[in-house]
Amino acid sequence: MNHWIIAPVVLPALLAPLLGYIMRHDIVLARVASAAGTVALFFIALGLAFWAADGGTHVYRLGDWPAPFGIVLVLDRLSAMMVLLTATLALIVLWHVIATGWDAKGRHFHALYQFQLMGIFGAFLTGDAFNLFVFFEVLLIASYGLMVHSGGKVRLQAGLQYLVMNLAGSTLFLFALGTMYATTGTLNMADLAVKVPLIPAEEGAMVRVAAVLLLIVFMIKAALFPVQFWLPGTYANAPAPVAALFAIMTKVGAYAIIRLHTLAYGPQSSPTAGLVEEWLFPAAMVTVALGAIGVLAAKRLMPLLSFSVIGSMGTLMLAVAPQDPYATETALYYLVHSTFSAAALFLLADLVISRRGTDTLSVRPPLLQNGLFAALFFGGAIAMAGMPPLSGFLGKLLILDALRDPTLMPWAWSGILIGSLVTIVGFARAGSILFWKSTAVRVPEGAEPIDAEPRPAPATAAEVGPTMALLALLAALAVLAGPATEYMRAAGTQLFEPDGYIDAVLTPVEKPEAPDPHAPDPLAEEEH
Amino acid sequence: MTSESSFLPIIALLPFLGALIPGVMIRAGRTATATFTAVPTVLALVMLGVLAPGVLNGTVYTFSIPWLPQLGLEAAFFLDGLGLMFACMILGVGLLITLYARYYLSGEDPVGQFYTYLLLFQGAMLGIVISDNILLLLIFWELTSLSSFLLIGYWKHLPEGRQGARMALTVTGAGGLAMIGGMLILGNIAGSYNLTDILAAGDLIKASDWYTPAVILILLGAFTKSAQFPFHFWLPHAMAAPTPVSAYLHSATMVKAGVFLMARMWPALSGTELWFYLVATTGLVTMVIAAVIALFKDDLKGLLAFSTVSHLGLLTMLLGFGTEAAAIAAVFHILNHLTFKAALFMTAGIIDHEAHTRDIKRLGGLAKLMPITAVIGIVAALSMAGIPLFNGFLSKELMLEEASHTNWWENPWIVPVLATVGALFSVAYSLRFIFHVFGGPVRDDYPSKPHDPPMGMWLSPAFLCIFVVLIGVAPFLAEPVVNMAASAVTGHTTHAHLKIWHGLTPALYMSIIAVAGGAVLLLLHRPLDAAWIKAGPFYAKSAFDAVISGCVSLSRVISDNLHNGAISRYLAIFTAATVTAGYMAYLGGGIAPQTREMLPIAPVFAVGWVLLVCATGVVVFQHHMRYRALVVLGVIGLMVSAGFVFLSAPDLALTQISVETVTIMLLLLALHFLPKTTPVEKDTPRRLLDGAVALAAGVGVASLAYAFMTRDLDSISFYHLANSYKEGGGTNVVNVILVDFRGYDTYGEIIVLGIAGLVIFALMEALLSGPAGARLRNSGYNFDRSHDRHPLMMVVSTRVMMPIALMVGVYIFLRGHNQPGGGFVAGLVFSIALLMQYMASGFAWTMRRQQFEYHAMIGWGVVIAGLTGAGAWLSGTPFLTSAFGYVHIPPIEEFELATAALFDLGVFLCVLGAVMLMLYSLSRMARHAGETVNLEPLDYDPSRPAKMVEKGKA
């Protein structure tokens, strides 16, 4: 039994209370501890990814209870990849937060940050549907705390939207879990994968309801139409670095669909065959359109970026919908890309907005480092819009390539390509106003009153570093697309051959006094 | 793959690496920057020079390494005749432009940026012409659009630059995206994305059902890039770029990318009717329309821009003909157009630079003021007009020759006549360029007195003019190059013989008509121009702007109305969608037969049910009276607890009751700071709609519950019943599930509670320090409060209850593992006991009497639970594995110790801490709002009747 699997959950869970209690009065101490913890998490995640690359499904039985009766953590290529992605993002965002001093603008930032990471890692690692719910709660409440970090009226209003929509989602999650349990009698994902296909198609109505309700729950997290409404307000009004971290939050929803709906409600289960594609594909199509429309419509930078995130989620889910290994592989590649590109843009937005003083797309005097910011924005924008040379273009090509099925192709291709065009136009307009038009504003020498606000300090290397690091990762993802997709192909294949997963989880471990799970008369034991 | 082949990736990479140079070198000045910018270009040219002899002999160099094998994307390059010709053009002109720009740009311009963009473009363009993989080609294709965007917008403070850049990006970007689709289809048909394979699979491609969409999509890319009608309008606006850019990108190289692509794909795609009618027609129309417009452009660069569009149309038309001779003519004209048009643009730049205007109507007589420039300009313009002894004449003759025997829709006249008209206008605007700019008398109203520029500036165009004349006089010199490229286009060796005199061919007559007609048109220019202006030509820019702003407005209507922040509507959509989707999914399958009988309704149960329904009704209809709704919610909570008791779930009932109590108490306190009523929604239809949605959801949930309760279920719970005592050490299965079987869930949930405490605390801090805090301080909070906040009865009774409640809490905690109870409930019971003290005697009074830090409780709670779990690692078992044993200490009976109890302690602490932190936050708000702090337990103490207890401010 390798305890490292649970380290990404336990480490932040132990660190966060200390940050929230013992270190809450000293920001330097909190920073050091939080950064050290995040660095450690990154290396743990790296180790787990290497371990999972061997192709095995590694199971961690909590409390030493055999599955499906206790809770299990499962590490395979997919979950290892998601954990590594999260840890990488977390490290870079934390760097930005510390460099820009965001963490000092409110209370308990680092404690909430670690709890947030714990929630995300927990969701990626769990092999139990109810436990997934628990970690959805953890990451929801922590993310709410981060979202309203440092307060402000508009932010709190947007926070309420976020909380209400997601609590509604949690409620539905409970209904969905109830339905699921009532049809299969189990909560373990591998066990579900065994039991759902056994249900005859003519008795499949309830299983189908469970699958669809779960799908909607995850769609809320992934911000797909018609439950995407919470995202623009939330991301646009959250502190920008938090929005950058949230780039991974929508992916939790995507991950849950990829995981649970291929394992339990996938193509191999007769009652639910084709169900995901039937509902997910049109929803993703509309989402792509809404994202592009929102980008074009945006009057402020943060909503523009938020809608571009919605559009990229739509694109991602288009590739998830067909539920085949190649499409899933392309979806995973795009998932990594879209996480980093959204985060890069939000981090950059933070640098720019904090210096411009507003995120409206209006003309302001040029910033000191206008050229630098313009270049970074250009990089982020071409990544998000899917232009070369960054990984977005390859991701888009892969998804287009995967969606060749003649019934999907006309819709998917035109949606993605037209969506890209509108996004390009939207970003070009925004960038042109922010970084080009502003250079036409000439501040005459000595025209500023003496008591005018001092011009914001130029961004230091430490402040720009995280954004550049993310862009560099995007470039690396493009250059190393071959090895990356190789890993993702293996992850996709592993997903669609669930026997390995099922066997690894459900095969009883050798224990000296292993109880017989099918004891003849369970109530007889109550007599003690 | 030979060893020379490995030059190819180096050639492709050199400009990109070189792009890093100017950014640094600019610190050494403009000249140094220009010099070092030339280095990668020269290096690449040298390498091409090494490869050139082989290519001339028919060798095709290839190089490839895998990049993204899943997709079929390879970093594959190949160099054949066509690629070599284009590569030399790109690098050669690049070198000339580098020199020219050094003198053209002023010291105020960010010259380093310029050269960086220029090299980026050069690399992208070079990539297009030597790519052997169409996906790689697409990458370079999009890169040219991006670098062109940057270069057009180079003077970013000028609105024309910004708008032109965006327009170019939009149009060429749209074409590029269409081309992605086309290329993917093409690769699918051919079974490979490698150009060599695709070119070999021409017959297969033309026979495929997917041929038509592929051709249309690819041509969209080519036409937008090469500014073919009706996508031509971006090119004139791209002239806002500095002139070196116009000369390089928008006449010599980038706009020829579309033509290049058509030439490249010629063997695979051309030769069909579809190809002919699409390509040749578009080219013909573009050639004529643009030539006409060019004549009436007063802006020098505008004239040249439309002339470029016209010549690109000519090239497109030739490639559309699909014959070998036309392909030869096209290749030859590509070469000739490059030489004279780049020279002309640079001349226009010189004039603009010196005279400070490009308006033809303000120029004239420059031949005397700037003779060198005039010679260059006139030579190049004569070539553009197609006058013999200049190279433009030769390729135009070939074009007219091809046009003269082309039928269009069975009609032999349309193409030759229109081609002649195009040539005629071409002569007219070329002559206008000569006579209206250089001819005529010297004027005295130029914005700046023009004179010849320094040699660095005229050297480049002069160099190009040498080729104009050389090829024009001795065309056989160009034969090897033309044959080399044309062979690559057509796929088999061509033997073109270029000569000036072909005899008395139709082309010659057409040429004579064109020259004569052009001269006449120029003489009539003044009245024609007046008529043109009066007619008010159609301006594509305003139409384009209108379309874009229309799209923006439309998206604002959609996006802003959809995302208007109304939570109730978001929820309604969510609920309606969920119910619909659930119902549709249900319809897609059958349901297992019912296996359980309905039970008779017990009277007790009926009473409970009626109570629940009534309470729910009250909440629905009275919810805007918040206080009342809250109290009634309490009723519902109690009924639910009763239901749990009825269904033999005492643990759940206990938990439910305590949770209910704590939440109602906290909510009551919170309500203190909120409006006491909810505004009533006036809009009746909306209310009805919302009601219908809610009802549908309710019915849905009820049906689900009914369906499940009437069917038997085979679940995993038997295991928990069987193993709770033996393996988990407790007889209370619910508690064992909570702290052992699924202790990890509980671990997560207490963390949720802990985070909630922290979030509330952080939020309260942020609120109080912001404007909300100021509002709170100024709120008329005090006016209707009770005069006896801490009544005697309550104070005394809570004091009495306190120890009892705490004892109950301890008892519940300890017995948890075997009887209903546990850390969670115990935490809540403790919280209630303390809450009562706070309510009875005020927060400050109570605070002073207990010394726990709430943050600490949460912290230690989570840590203890976590460490208990991690303790299992010491025995080599997984996280949260419990151990238990029986201990016997003499006077007491044997009792059980389980690590689960320690875990439960963590739960207990966390619950208590979170609840108290919430209470603390509420009380801080109260004190902020001006609530007084009592030092005594009672506001009114009957034992000291004389005075009110003194109050102090917080």
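None of these values were measured; they are calculated from a predicted model.

1. Observations regarding the UniProt feature "domain: NADH:quinone oxidoreductase/Mrp antiporter transmembrane" (unreviewed entry) in chain A
Working step 1: UniProt annotation of "domain: NADH:quinone oxidoreductase/Mrp antiporter transmembrane" (unreviewed entry) refers to residues 128–404 of chain A when read in the numbering used here.
Working step 2: In this annotation, residues 128–404 of chain A is assigned 75% helix and 0% strand; the end-to-end C-alpha distance for the span is 34 Å.

2. Examining the confidence of the model for chain B
The predicted coordinates ought not to be read in detail in places where the model reports low pLDDT.
All names here are of chain B.
Working step 1: On average, chain B scores 89 in pLDDT, and the residues at 70 or more come to 97%.
Working step 2: Low pLDDT, under 50, characterises residues 948–954; the predicted model gives this stretch 11 contacts beyond four residues in sequence or across chains.
Working step 3: Predicted complex, confidence summary: ipTM 0.93, pTM 0.93.

3. Description of empty space enclosed by the protein
Working step 1: Following the criterion strictly, the structure yields 11 cavities of 30 Å³ or more and no others.
Working step 2: Approximately 170 Å³ is the volume found for the largest cavity.
Working step 3: Looking at the lining of the largest cavity, the elements with two or more residues in it are α12 (275–297), α13 (301–320), α15 (370–385), α16 (391–402) and α17 (409–436) of chain A.
Working step 4: Of the residues assigned to the lining of the largest cavity, the class counts are eight nonpolar, 11 polar and one charged.
Working step 5: Size it by volume and the second largest cavity reaches roughly 70 Å³.
Working step 6: In this structure, the second largest cavity is lined by Met287, Ser310, His311, Leu314, Lys396, Met399, Gly422, Ala423 and Ser426 of chain B.
Working step 7: Listing elements by their share of the lining of the second largest cavity, those giving two or more residues are α16 (300–321), α20 (391–404) and α21 (414–438) of chain B.

4. Some points on the interface of chain A and chain B
Working step 1: Between chain A and chain B, the contact holds 135 residues from the first and 118 residues from the second.
Working step 2: Summing both partners gives a buried area of about 11,200 Å² for chain A against chain B, and 75% of it is carried by carbon and sulfur.
Working step 3: Salt-bridge contacts for lysine 299 of chain A lead to aspartate 560 of chain B; the nearest nitrogen and oxygen are separated by 3.8 Å.
Working step 4: Inspection of the chain A/chain B interface yields 28 residue pairs in polar contact (both at pLDDT 80 or more).

5. Focus: the domain arrangement of chain B
Working step 1: As assigned here, chain B comprises domain 1 (270–506) and domain 2 (733–778 + 788–954).
Working step 2: A separation of 88 Å is found between the C-alpha centroids of domain 1 of chain B and domain 2 of chain B.

6. Comments concerning the confidence of the model for chain A
Working step 1: Across chain A, the average pLDDT comes to 90, with 93% of residues at or above 70.
Working step 2: Predicted confidence is poor over residues 512–528 of chain A, with pLDDT under 50, and the contacts of this stretch with residues over four places away or in other chains come to 19 contacts.

7. Notes on the packing of aromatic side chains
Working step 1: The final tally for this structure, using the stated rule, is 48 aromatic pairs over all chains.
Working step 2: Ring geometry for tryptophan 873 of chain B and phenylalanine 879 of chain B: centres 5.9 Å apart, planes at 45 degrees, overall tilted.
Working step 3: Given a relative accessible area of 29%, tryptophan 873 of chain B falls into the partly exposed group.
Working step 4: For phenylalanine 879 of chain B, a relative accessible area of 0% corresponds to the buried category.
Working step 5: A connected cluster of aromatic rings, assembled from ring pairs, spans Trp65 and Phe69 of chain A together with Phe718, Tyr719 and Phe741 of chain B.
Working step 6: One residue, lysine 225 of chain B, lies across the ring of tryptophan 141 of chain B, its end atom 5.2 Å from the ring centre.

8. Observations regarding unusual backbone geometry
Working step 1: For the peptide bond that leads from phenylalanine 225 of chain A to proline 226 of chain A, omega is 0 degrees, which places it in the cis range.
Working step 2: Of note, the amide linkage connecting proline 388 of chain A to proline 389 of chain A takes the cis form, showing an omega dihedral of 5 degrees.
Working step 3: Assignment of secondary structure puts proline 389 of chain A in the loop between α15 and α16.
Working step 4: Of note, the phi angle at serine 150 of chain A is positive, near 75 degrees, even though the residue is not glycine.
Working step 5: Looking at where serine 150 of chain A falls in the secondary structure, it is placed in the loop between α5 (129–147) and α6 (153–184).
Working step 6: Residue classification places serine 150 of chain A among the partly exposed residues on the basis of a relative accessible area of 25%.
Working step 7: A positive phi angle, close to 70 degrees, is found at leucine 880 of chain B, a residue other than glycine.
Working step 8: Structurally, leucine 880 of chain B is set in the loop between α39 (854–871) and β3 (884–887).

9. Considerations on helix α26 (residues 540–562) of chain B
Working step 1: Under the 1.5 Å per step criterion, the end-to-end length of α26 of chain B is 33 Å for 23 residues, consistent within 8% with the ideal 33 Å.
Working step 2: For α26 of chain B, the complete set of buried residues consists of Ala540, Phe544, Ile548, Val552, Ser555 and Ser559 of chain B.
Working step 3: Against α12, α13 and α17 of chain A together with α7 (159–190) of chain B lie the buried residues of α26 of chain B.

10. Thoughts on the packing of helix α3 (residues 77–100) of chain A against helix α18 (residues 461–479) of chain A
A pair of packed helices is captured by two measures, namely the crossing angle of their axes and the spacing between those axes.
Residues and elements named next belong to chain A.
Working step 1: Packing of α3 against α18 leaves a shortest axis separation of 7 Å and a crossing angle of 160 degrees. Considered as vectors, α3 and α18 are oriented roughly antiparallel to each other. Taken as a pair, α3 and α18 cross one another with a handedness that is left-handed. Contact residues: Thr88, Leu89, Ile92, Trp95, His96, Ala99 and Thr100 in α3; Ala462, Glu463, Gly465, Pro466, Ala469, Leu470 and Leu473 in α18.
Working step 2: Looking at side-chain class alone, the contact of α3 with α18 contains nine nonpolar, four polar and one charged residues.

11. Some words on the side chain of serine 143 of chain A
All names here are of chain A.
Working step 1: Of note, serine 143 is situated in helix α5.
Working step 2: Side-chain polar atoms of serine 143 contact the side chain of tyrosine 162, separated by 2.5 Å.
Working step 3: Excluding residues within four positions of it along the chain, serine 143 makes contact with Gln116, Tyr162, Phe246 and Met249.

12. Description of the packing of α16 of chain B against α21 of chain B
Residue and element names in this part refer to chain B.
Working step 1: Packing of α16 against α21 leaves a shortest axis separation of 11 Å and a crossing angle of 155 degrees. In terms of axis orientation, α16 runs roughly antiparallel to α21. Every pair of crossing elements has a handedness; the one defined by α16 and α21 is left-handed. Note on element contacts: α21 touches α16 through Val415, Ser426, Tyr429, Arg432, Phe433 and Val437, opposite Leu300, Leu303, Leu304, Ser307, Ser310, His311 and Phe321.

13. Notes on a nonpolar patch on the surface
Residues and elements named next belong to chain B.
Working step 1: A contiguous nonpolar patch, built from Ile601, Phe605, Trp609, Val610, Val613, Phe646 and Leu647 and spanning about 760 Å² of accessible area, is present on the exposed surface.
Working step 2: Here the nonpolar patch gets four residues from one element, more than from any other, and that element is helix α28 (residues 603–622).
Working step 3: With respect to the helices and strands, leucine 647 occurs in the loop between α29 (626–646) and α30 (650–671).
Working step 4: On the basis of relative accessible area, leucine 647 is assigned to the exposed category, the value being 60%.

14. Comments concerning α13 of chain A
Working step 1: Under the 1.5 Å per step criterion, the end-to-end length of α13 of chain A is 29 Å for 20 residues, consistent within 8% with the ideal 28 Å.
Working step 2: Of all the 20 residues making up α13 of chain A, 20 are buried; the element is thus mostly covered by neighbouring parts of the structure.

About the thresholds
Residues numbered from 1 in each chain as written. Chains lettered and ligands numbered in written order. Predicted model: local features only at pLDDT ≥ 70, side-chain atom pairs only at ≥ 80, totals over all residues. Heavy atoms only, no water. UniProt positions renumbered as here; feature names shortened; annotations may be inferred. Helix = DSSP H or I, 4+ residues; strand = E, 2+ residues; numbered from the N terminus. pLDDT = per-residue confidence, 0-100. Contact = heavy atoms within 4.5 Å. 1 Å grid on protein atoms, 1.4 Å probe; cavity = no way out; pocket = protein on both sides within 12 Å on 5 of 7 lines; lining within 4 Å. Points joined across faces, edges and corners; volume = space filled by probe spheres on them. Nonpolar A, V, L, I, M, F, W, Y, C, P; charged D, E, K, R; others polar. Buried area = accessible area lost by both parts, 1.4 Å probe. Salt bridge = Lys/Arg side-chain N within 4 Å of Asp/Glu carboxyl O. Polar contact = N/O pair within 3.5 Å; in protein donor to acceptor, adjacent residues only side chain to side chain. Domains from an automatic or database assignment. Phe/Tyr/Trp six-rings, centres within 6.5 Å; stacked < 30°, edge-to-face > 60°. Buried < 20%, exposed > 50% of the residue type's maximum accessible area, 1.4 Å probe, protein only. Lys NZ or Arg CZ within 6 Å of the ring centre and 35° of its normal. Expected span 1.5 Å × (residues − 1). Axes fitted to C-alpha atoms, helices over the stretch in contact; angles between N-to-C directions. Parallel < 35°, antiparallel > 145°, perpendicular 65-115°, else oblique. Left-handed = near helix turned anticlockwise from the far one by under 90°. Patch = residues over 30% accessible without salt bridge, like charges linked within 9 Å, V, L, I, M, F, W, Y side chains within 5 Å. Areas by Shrake-Rupley, 256 points an atom, 1.4 Å probe, with all protein chains shown as cover.

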